[in-house]
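The chain contents come next:
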Amino acid sequence: MNETFLVDTHSHINTLEKITPQEAIDNAKANGVEKIIVPAATVNDIDEVLKFVNKYENTFGLLGVHPSEVKDWDDSLLDKIREYSKNEKIVGIGEIGLDYYWDKSFNDLQKEVFIKQIKLANELKLPICVHDREAHKDSFDILKEYNKTSDVVMHCFSASVEFAKECVKEGWFIALGGVVTFKNAIKMKEVAKEVPIENLLVETDAPYLTPVPFRGTENQPAYVKFVAEEIAKLRGITFEEVATATTRNAEKVYGI
């Protein structure tokens, strides 16, 4: 293993269409990405992610239901996640949270299921991976009220520098992906510069949000290096410093 390597802390590698999972893992390794964290989103993903991470080396799973999928929620899933989380390859609860972008008709259900999954993470002593899209205040307030013990990762962070700083005050982690490489992503570039490096993580959210120079194609874990390179450029530090710090943070949060 290389001395300096990266962790892709959020990659739906089980859903890639252009390459196989093994090809994606091999590409990642060739580009210095040694570990990949695979989140669940749908109810069916809870079974699929467990199978996937048990099959592939250096992959780790998050179990939970994405806010856009909570109409399929059933409380029996709590027991299923409890049971599956006994597996050492399951390292967190996610991705969970609030998404007010597409459909605001079931916001109350989103909040209810978010709270249930936060409480489960606390019970299991696992970190929480938060999906927060256009729901910054509600996400923050719910986490402040209900999260007692779990580390928090704000996945695919999309809010302001000021909001990022409020999250950091709580000890939460800010995960940045391909958007930070986009020319017009002024807000994300500011976040990348201002957030303490002790609170930064890198991710791809593959197959989505592919960074420059591959924007417009299917994303994959290997491309997280472009995220780290952009953060290094913006902060005026070396790629190795970003890789070392973000990997250390990922290993600390997720116990990998």
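Here the structure is a predicted model, which is why all the values come from computation and not from measurement. (Residues numbered from 1 in each chain as written. Predicted model: local features only at pLDDT ≥ 70, side-chain atom pairs only at ≥ 80, totals over all residues. Heavy atoms only, no water.)

Trainee: Residue-level account of the overall build of the protein, with values.
Mentor: Along the backbone of the protein there are 9 helices and 8 strands. Relative to the compact-globule value of 18 Å for 256 residues, the protein shows a C-alpha radius of gyration of 17 Å, a close match. With the C-alpha coordinates aligned to their principal axes, the bounding extent of the protein is approximately 45 × 40 × 30 Å. Sequence separation of at least 24 residues holds for 71% of the intrachain contacts in the protein that already meet a minimum separation of 6. Accessible surface, the protein as shown: approximately 11300 Å² in total, 48% of it carbon and sulfur. Side-chain charges of the protein comprise 31 positive and 43 negative groups, with the mean position of each set lying 3 Å from the other. (Helix = DSSP H or I, 4+ residues; strand = E, 2+ residues; numbered from the N terminus. Rg over C-alpha atoms; globule rule 2.2 N^0.38 Å. Contact = heavy atoms within 4.5 Å. Areas by Shrake-Rupley, 256 points an atom, 1.4 Å probe, with all protein chains shown as cover. Lys, Arg positive; Asp, Glu negative; His and termini not counted. Charge placed at Lys NZ, Arg CZ, Asp CG, Glu CD.)

Trainee: Break down the packing of helix α6 (residues 161-169) against helix α7 (residues 186-194) for me, with residues and values.
Mentor: Any two packed helices are characterised by the angle at which their axes cross and by the distance between the axes. Two numbers describe how α6 lies on α7: the axes approach to 9 Å, and their chain directions differ by 35°. As for how α6 packs across α7, the hand of that crossing is right-handed. Of the residues in α7, those in contact with V161, A164 and K165 of α6 are K187, E190, V191 and E194. A per-class count over the contact of α6 with α7 returns 3 nonpolar, no polar and 4 charged. (Axes fitted to C-alpha atoms, helices over the stretch in contact; angles between N-to-C directions. Left-handed = near helix turned anticlockwise from the far one by under 90°. Nonpolar A, V, L, I, M, F, W, Y, C, P; charged D, E, K, R; others polar.)

Trainee: Which residues make up the sheet that holds strand β8 (residues 200-202), and what values do they have?
Mentor: Taken in spatial order, the 8 strands line up as β1-β2-β3-β4-β5-β6-β7-β8 in an open sheet, and their pairing is parallel. Each edge of the open sheet carries a strand with a single partner, namely β1 (6-8) and β8. Strand-to-strand twist across the sheet, computed as the mean angle between neighbouring axes with direction ignored, equals 30°. Taken together, the 3 bridges between strand β3 (residues 59-63) and strand β4 (residues 90-99) define a ladder with parallel strand orientation. What sits directly across from L63, in β4, is I93. (Pairing = 2+ DSSP bridges.)

Trainee: Pulling in residues and values, what's your account of the pattern of salt bridges?
Mentor: With the rule as written, the count across this model stands at 18 salt bridges. A salt bridge links K29 to E34; the shortest N-O distance between them is 2.8 Å. Residue classification places E34 among the buried positions, given a relative accessible area of 6%. We note a salt bridge from E251 to K35, for which the minimum N-O separation is 3.3 Å. (Salt bridge = Lys/Arg side-chain N within 4 Å of Asp/Glu carboxyl O. Buried < 20%, exposed > 50% of the residue type's maximum accessible area, 1.4 Å probe, protein only.)

Trainee: Describe the pairing of strand β7 (residues 173-176), with residues and values.
Mentor: With burial as the criterion, each face of β7 is covered, one bearing F173 and A175 and the other bearing I174 and L176. Between the parallel pair strand β6 (residues 152-155) and β7, the chain is carried across by α6, and the sense of this crossover is right-handed. Bridge count between β7 and β8: 3 bridges; the pairing is parallel. Bridged to L176 within β8 is V202. Assessed by its sense of winding, the connection that carries the chain from β7 through α7 to β8 is right-handed. (Right-handed = clockwise from strand over helix to strand, strands pointing away.)

Trainee: Tell me what's going on with helix α8 (residues 224-235), and back it up with residues and numbers.
Mentor: The terminal C-alpha atoms of α8 lie 17 Å apart, and with 12 residues this matches the ideal 16 Å at 1.5 Å per residue to within 8%. Buried positions along α8 lie against β1, β2 (33-39), β7, α7, β8 and α9 (239-254). Positive backbone phi, approximately 70°, marks G236, located one or two places after α8. (Expected span 1.5 Å × (residues − 1).)

Trainee: Can you lay out the packing of helix α2 (residues 45-55) against helix α3 (residues 76-84) for me, pointing to particular residues and giving the numbers?
Mentor: It is at 11 Å that the axes of α2 and α3 come closest, and there the two elements cross at 5°. Taken together, the axes of α2 and α3 lie roughly parallel to each other. Counting all contacts with α2, which are made through I46, D47 and L50, the residues of α3 involved are L77, K80, I81 and Y84. Here the residues of the contact of α2 with α3 sort into 5 nonpolar, no polar and 2 charged. (Parallel < 35°, antiparallel > 145°, perpendicular 65-115°, else oblique.)

Trainee: So what about helix α4 (residues 107-124)? Which residues, and what values?
Mentor: Each full turn of the α-helix corresponds to 3.6 residues, which orients residues three or four apart in the same direction. Compared with the 26 Å implied by 1.5 Å per residue over 18 residues, the 26 Å span of α4 between its first and last C-alpha is a close match. For α4, the full list of buried residues reads N107, Q110, V113, F114, I115, Q117, I118, L120, A121 and N122. The elements touched by buried residues of α4 are α3, β4, β5 (128-133) and α5 (136-146). Directly after α4, the chain includes K125, whose backbone phi takes a positive value near 60°.

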